[in-house]
Amino acid sequence: MQDAEHALRALAQVYFDAAYDMDAEQFQTIFHPSSAVTRIGDDGEVGVMPIETWLSGVRNATAPRKLGLERKDEVVAVDVSDDLALVKLKLQMPPRYFTDLLSCLKVQGNWKIVQKVMSVDVRRD
């Protein structure tokens, strides 16, 4: 179990680095090609987006690093059950603050994100 948790925390670090740089190619290394991103849309409805669609948005986004935004990443929890895991993360891109739940499976010996469920809190302090 410790090896799995260590590997999942390493995956989370890749995730944080990719988010700070808006690096779609780096994200691709940790997401399974058939994965999806789920969130509540601006209309209040659940939206599910294939990973390739989400990565297109990443490619067109300005990186928090380029904007000089403060980086604050946190692994809140890692829960492992055999070849299944859930990783809860918090990260910020002010004024947006994210909570992500990453459902992961061990695929051919490597942990991959198979589903990302996210929430965004917009703060206008």
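In the annotation of an unreviewed UniProt entry, the protein chain is listed under the name Nuclear transport factor 2 family protein and assigned to Lysobacter gummosus.

A. Quick peek at the overall build of the protein chain. Scanning the protein chain for helices and strands turns up 4 helices and 6 strands. For 125 residues, the compact-globule estimate of 2.2 N^0.38 gives 14 Å, and the protein chain sits close to it at 14 Å. Contacts spanning at least 24 positions in sequence make up 49% of the contacts within the protein chain whose residues lie at least 6 apart. Total accessible area on the protein chain is roughly 7,500 Å²; 49% of this is exposed by carbon and sulfur atoms. Between the mean site of the 15 positive side-chain charges and the mean site of the 19 negative ones, the protein chain shows a separation of 4 Å.

B. View of helix α3 (residues 51-59). Looking at α3, one finds that the buried residues are I51, W54, L55 and V58. When α3 is viewed along its axis, its buried side chains cluster within an angular range of 100 degrees and face the same direction. Where the residues of α3 are buried, they touch α2 (24-28), β1 (31-40), β2 (46-50) and β6 (110-122).

C. Structural view of a nonpolar patch on the surface. Taken together, I40, V46 and V48 make up a surface patch of nonpolar side chains, about 300 Å² in accessible area. For V46, the location among the structural elements is in strand β2.

D. How the structure looks around the pairing of β1. The pairing of β1 with β6 spans 5 bridges and is classified as parallel. What sits directly across from F31, in β6, is I113. Pairing analysis gives 5 bridges linking β1 to β2, with the strands arranged antiparallel. Residue pairing in the sheet places V37 in a bridge with M49 of β2. Linkage of β1 to β2, two consecutive antiparallel strands, is achieved through a turn of 5 residues, within which G44 is found at a positive phi near 85 degrees.

E. Region of the structure containing the nonpolar core. Counting 33 residues, the largest nonpolar core has Y15 and F27 as its most contacted members. Of all the elements in the fold, those that place two or more residues in this core are α1 (2-21), α2, β1, α3, β3 (73-81), β4 (84-93), β5 (96-107) and β6. Among the elements that make up this core, the one with the highest residue count is α1 (8 residues). Those residues in contact with Y15 that lie beyond four places of it in its chain are F27, I30, F31, L89, L91, D100, L102, I113 and K116.

Thresholds applied
Residues numbered from 1 in each chain as written. Predicted model: local features only at pLDDT ≥ 70, side-chain atom pairs only at ≥ 80, totals over all residues. Heavy atoms only, no water. Helix = DSSP H or I, 4+ residues; strand = E, 2+ residues; numbered from the N terminus. Rg over C-alpha atoms; globule rule 2.2 N^0.38 Å. Contact = heavy atoms within 4.5 Å. Areas by Shrake-Rupley, 256 points an atom, 1.4 Å probe, with all protein chains shown as cover. Lys, Arg positive; Asp, Glu negative; His and termini not counted. Charge placed at Lys NZ, Arg CZ, Asp CG, Glu CD. Buried < 20%, exposed > 50% of the residue type's maximum accessible area, 1.4 Å probe, protein only. Arc of directions from axis to C-beta. Patch = residues over 30% accessible without salt bridge, like charges linked within 9 Å, V, L, I, M, F, W, Y side chains within 5 Å. Salt bridge = Lys/Arg side-chain N within 4 Å of Asp/Glu carboxyl O. Pairing = 2+ DSSP bridges. Core = buried A, V, L, I, M, F, W, Y, C linked by side-chain atoms within 4.5 Å.

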